[in-house]
Amino acid sequence: MKCISVYTDNFGAFSDIFEEVLSSELSENEEREMEGITVSHSGDVPEHYLERMSQKPEVVVMKDKQRGITILQHGQVFEILLPVLEEAVN
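From a predicted model like this one, the values you see are computed outputs, not experimental measurements. (Residues numbered from 1 in each chain as written. Predicted model: local features only at pLDDT ≥ 70, side-chain atom pairs only at ≥ 80, totals over all residues. Heavy atoms only, no water.)

Visitor: Could you give an account of the side chain of serine 5, with specific residues and numbers?
Guide: Structurally, serine 5 can be placed in strand β1 (residues 2-7). With near-sequence residues (within four places) excluded, serine 5 lies in contact with Thr38, Val39, Ser40, Ser42, Val77, Phe78 and Glu79. (Helix = DSSP H or I, 4+ residues; strand = E, 2+ residues; numbered from the N terminus. Contact = heavy atoms within 4.5 Å.)

Visitor: An account of the packing of aromatic side chains is requested, with residue identities and associated values reported.
Guide: The full count for this structure, using the stated rule, is 4 aromatic pairs. Measuring from centroid to centroid gives 5.6 Å for phenylalanine 14 and phenylalanine 18, while their planes differ by 55 degrees, and the two rings are tilted. Here phenylalanine 14 pairs with phenylalanine 18, and both are found in helix α1 (residues 11-23), just 4 residues apart, close to one helical turn. Here phenylalanine 14 matches phenylalanine 18 in class, with each residue buried. (Phe/Tyr/Trp six-rings, centres within 6.5 Å; stacked < 30°, edge-to-face > 60°. Buried < 20%, exposed > 50% of the residue type's maximum accessible area, 1.4 Å probe, protein only.)

Visitor: Kindly report on the sheet that holds strand β6 (residues 77-82), identifying the contributing residues and their values.
Guide: Taken in spatial order, the 6 strands line up as β2-β3-β1-β6-β5-β4 in an open sheet, and their pairing is antiparallel. Each of the sheet's edge strands pairs with one partner strand only, and the pair in question is β2 (31-34) and β4 (60-64). Strand-to-strand twist across the sheet, computed as the mean angle between neighbouring axes with direction ignored, equals 25 degrees. Sheet topology places strand β5 (residues 69-74) next to β6; 5 bridges connect them, and they run antiparallel. Bridged to histidine 74 within β6 is valine 77. Sitting on the sheet, α1 touches β1, β2, β3 (37-44), β4, β5 and β6, and the angle it makes with β6 is about 30 degrees. Those strands touched by helix α2 (residues 47-54) are β4, β5 and β6, and its axis lies near 45 degrees from that of β5. (Pairing = 2+ DSSP bridges. Axes fitted to C-alpha atoms, helices over the stretch in contact; angles between N-to-C directions.)

Just distances and angles here, no functional claims.
This is how it looks when you write it as structure tokens:
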């Protein structure tokens, strides 16, 4: 899964830029600012990362089932987990 980190604890601000983040073509480890919020491509994360993080009580898990996207919110960051093309085919 590809992980894009959005550094804010403001859900409204995150929601405002969510679609823009998804449509942006970030290279791995690239950082960009969108509407004053830092967004970075944090690389790929293993499947067990999602399982481990979702068990923590301080982590909020949101899912967009139609697009296969999982969003983790913890502390002052939202992590958008996107399926990699090969994963989406399986």
